[in-house]
Amino acid sequence: MVVCRTQVDESKKSTWRKLVGSFKSPRSSFEQVRGTSFRIRGHTRWGVHLWVGLGLFEGSAISGKIEGWYDQEMSADPEKYDRQIRLWGEEAQGRLEGAHICLLNGSAVGTEVLKNLVLPGVGAFTVVDGCKVTPADIGSNFFTAPSCIGKSRALVVTELLQELNSRVRGYSVEEEPLTFIERTPTFFEQFTVVVAAQIPEESLLDFYSTVLLPRHIPLILVRSYGLIGFTKIVTEEHTVVQTHPDNPTLDLRIANPWPALQEFIRSFRMETLDSAQHSHVPYIVILAQHLQRWREMHSNAVPANSAEKDQFKQGILKAARDYQDELNFQEAHASAYRAWATTSIPSDVRQIFADPKCSPTSSEVSEFWIVSKALKEFVDSEGTLPLIGSVPDLTTTTDHFVTLQKLYQEKAEQDAQTVAKHVDSLLESLGPLRGKLRIPLDTVRIYCKNAYNLKVLRYRLGNEDFSHLGQIDDSCSSILWYCGLHAVDSFSSKFHRLPGAFDDQIEADIGELRKCFNLVLGERGLKAGQPTDDILYELCRYGGSELHTVSAFIGGVAAQELVKVVTRHFVPLSGIFLYNGITCTGSVL
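Residues numbered from 1 in each chain as written. Predicted model: local features only at pLDDT ≥ 70, side-chain atom pairs only at ≥ 80, totals over all residues. Heavy atoms only, no water.

Undergrad: What is the right way to look at the overall build of the protein chain in this model?
TA: Each helix and strand in the protein chain was counted, giving 22 helices and 16 strands. The buried share among the 589 residues of the protein chain stands at 50%. When contacts within the protein chain are restricted to residue pairs at least 6 apart in sequence, long-range pairs at least 24 apart make up 70% of them. (Helix = DSSP H or I, 4+ residues; strand = E, 2+ residues; numbered from the N terminus. Buried < 20%, exposed > 50% of the residue type's maximum accessible area, 1.4 Å probe, protein only. Contact = heavy atoms within 4.5 Å.)

See below:
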């Protein structure tokens, strides 16, 4: 299945409606996306080009320009998932709907993860669990019922989860997870992400390194133990292009305008404008002209210290004819810093360019690293990243705003075309290693638009190195709670039961748990500066109980991070998220 986007001519909407009604089939579709943009689906590119030809023949309703191709299927039900599509887009929703998630253990925290994936429309899930439903499950797991006691927990939770969304496919495997992994490891090659609930991290080391890691399948750990819970992402590398920062970069190039923008700036002769025209000059032009005059008087230098910057801003105030009524000059004064701001490359992007995978000799064959190499070559030749191409809201006339917007978009398109040429050259240099990898121009545009916010995250499984922290003096530190949960696993491995399982052995269990705890601290380069008896007592008191409130919270956080991993939108947690229900606080370790 391939998908393309193009535009509908506003004057031909009646013809377009006729096309929508006339050309529908189970193998292809022709539908509006938003505004004048529409989407054509077909099984081959030839078939989609035929659709465009038919549209041109039927009254030229289609512009004829295909703006982008997508091998990734879009959302099957954009109306149902409209609210989240507005958040992360149809392509991301399509990735979510194409994902197949495996859950190891249908415990309360595990089913809470799946609940928060089934509702937004994950494609499918499989629950691997060899346990039967017990009375303890009824008290903590909302996806069980008293009538289900004694039945397969995998089957019960799968059936109830499917009731939340009829579009999602659910499967169950009635096997103990670790035993099933050992017997049929290839079974897990089909999954997009594997979620391990209530399973000791150490018991998954071989499974991750031999089955998941070679196939780049992420592993997400979730744990709910009494009033404490945590989630952790494990994948060798996760790259993010569309990070959706809270404060996106606004690249206006006021200090270094390209020729077309420079010509537009010079076209405004402020002294010849009447009051109405003067009050609608875009603040970009005001700042650029004022900066040009400043440079002429200061040896081509921009304001460098606070005194000079204040002087620059005062000059803007003096240039206004009636500052109180001229909103454009108020905007220029408030945005004066943009005049001397340089378009520097963010540290995260510099680290990507310095990565061995981004070196000219690297044979890395992946979309992210190929385009990153191309962006690096662009920076080496141009001295800056590609222009983003967006213009902020500002006080001006419609004509001026449209002209500005067109100038920025055309320059951004030129930069994207240049980067695309670097991409094509790099792909050709790979030769047979390239395989089926192709990177269309539309994809390059996305990278260029988000070039200032590219991210690479790397994770590990096993003992974390906290040695840089040394001694932990806070007896309630989240790190100590996290190490306490690992101590519980060590205790369980040694005695084949959880600490505190029997009331008359709690005191003895605390002593044994303390030995395990000190061992875990030593493995991670830590030392407790304060007594940790309260932590150890609490862990023994829990006796392995799973509280639904804690499970629901951890399940929600884990599902949120899993969606980020699957859709490759937004930046996932870079460490371990631990929730402390005693203090009602969460922290990232």
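Undergrad: Can you walk me through the pairing of strand β9 (residues 219-225) in this structure?
TA: Regular strands show a simple pattern: their side chains alternate between the two faces of the sheet. Across the 7 residues that make up β9, a large majority, 7, are buried. Every second residue of β9 is oriented toward a common face, with L219, L221, R223 and Y225 on one face and I220, V222 and S224 on the other, all of them buried. As paired strands, β9 and strand β10 (residues 228-234) are joined by 7 bridges and run antiparallel to one another. Bridge pairing links S224 to G229 in β10. Counted along the chain from β9 to the antiparallel partner β10, the turn is 2 residues long, and its residue G226 has a positive phi close to 65°. (Pairing = 2+ DSSP bridges.)

Undergrad: Please clarify how the sheet that holds strand β8 (residues 193-197) should be interpreted in this entry.
TA: Strands pair in a sheet through their backbones, by hydrogen bonds, and they do so in one of two ways: parallel or antiparallel. Pairing within the open sheet is mixed, and its 8 strands lie in the order β7-β6-β5-β8-β9-β10-β15-β16. Edge positions in the sheet fall to β7 (169-173) and β16 (585-588), since each has one partner strand and no second. Going across the sheet, the axis of each strand differs from the next one's by a mean of 15°, ignoring polarity. Relative to the sheet, helix α4 (residues 108-118) contacts β5 (100-104), β6 (124-128), β8 and β9, its axis offset from that of β5 by approximately 165°. Strands in contact with helix α6 (residues 153-162) are β6 and β7; relative to β7, the strand with the most contacts, it is inclined by about 175°. (Axes fitted to C-alpha atoms, helices over the stretch in contact; angles between N-to-C directions.)

Undergrad: Before we go on, may I ask you to explain the packing of helix α3 (residues 82-97) against helix α22 (residues 548-567) in this structure?
TA: Packed helices, taken two at a time, are described by the angle their axes make and the gap between the axes. Interhelical geometry of α3 versus α22 gives an angle of 100° and a closest axis separation of 8 Å. The angle between α3 and α22 places the two elements in the roughly perpendicular class. Residues W88, A92, R95 and L96 of α3 lie in contact with α22, whose contacting residues are V563, V566 and T567. (Parallel < 35°, antiparallel > 145°, perpendicular 65-115°, else oblique.)

Undergrad: I keep staring at helix α12 (residues 306-319) and nothing clicks. Help me out?
TA: Because each turn of an α-helix spans 3.6 residues, side chains separated by three or four positions end up pointing in the same direction. Its 14 residues place the ends of α12 20 Å apart at the C-alpha level, agreeing with the 20 Å of an ideal helix rising 1.5 Å per residue. Turning to α12, its buried residues number three or more, namely F312, G315 and I316. Angularly, the buried residues of α12 cover 100° about the axis, an arc narrow enough to put them on a single face. Exposed residues lying more than 90 degrees from the buried face of α12 are S306, A307 and K318. Of the surrounding secondary structure, the elements contacted by the buried residues of α12 are α11 (283-297), α13 (327-334) and α14 (337-340). Sitting at the amino-terminal end of α12 is N305, which places a side-chain oxygen 3.2 Å from the backbone nitrogen of A307. (Expected span 1.5 Å × (residues − 1). Arc of directions from axis to C-beta. Polar contact = N/O pair within 3.5 Å; in protein donor to acceptor, adjacent residues only side chain to side chain.)

Undergrad: Honestly, the packing of aromatic side chains in this entry has me stumped. Any pointers?
TA: The relative placement of two aromatic rings is captured by the distance of their centres and the angle of their planes. In the structure shown here, the tally under the stated rule is 17 aromatic pairs. Ring geometry for F180 and F188: centres 5.9 Å apart, planes at 70°, overall edge-to-face. Residue classification places F180 among the buried positions, given a relative accessible area of 8%. Overall, the relative accessible area of 0% leaves F188 in the buried class. By the ring-pair criterion, three or more aromatic residues cluster together here, those being F180, F187, F188, F191 and F207. (Phe/Tyr/Trp six-rings, centres within 6.5 Å; stacked < 30°, edge-to-face > 60°.)

Undergrad: What am I meant to see in the nonpolar core here?
TA: Within soluble globular proteins, side chains that are nonpolar generally end up buried alongside one another. Of all hydrophobic cores here, the largest spans 40 residues; its most connected members are I101, L114, L117, V195, V222 and L562. Per-element accounting of this core gives the leading share, 9 residues, to α22. Setting aside chain neighbours within four positions, we find V222 in contact with V109, V113, V195, A196, A197, Q198, F230, T231, I554 and A558. Counting residues in each nonpolar core, the second largest holds 34 residues, with W258, F268, L287 and L404 among its members. (Core = buried A, V, L, I, M, F, W, Y, C linked by side-chain atoms within 4.5 Å.)

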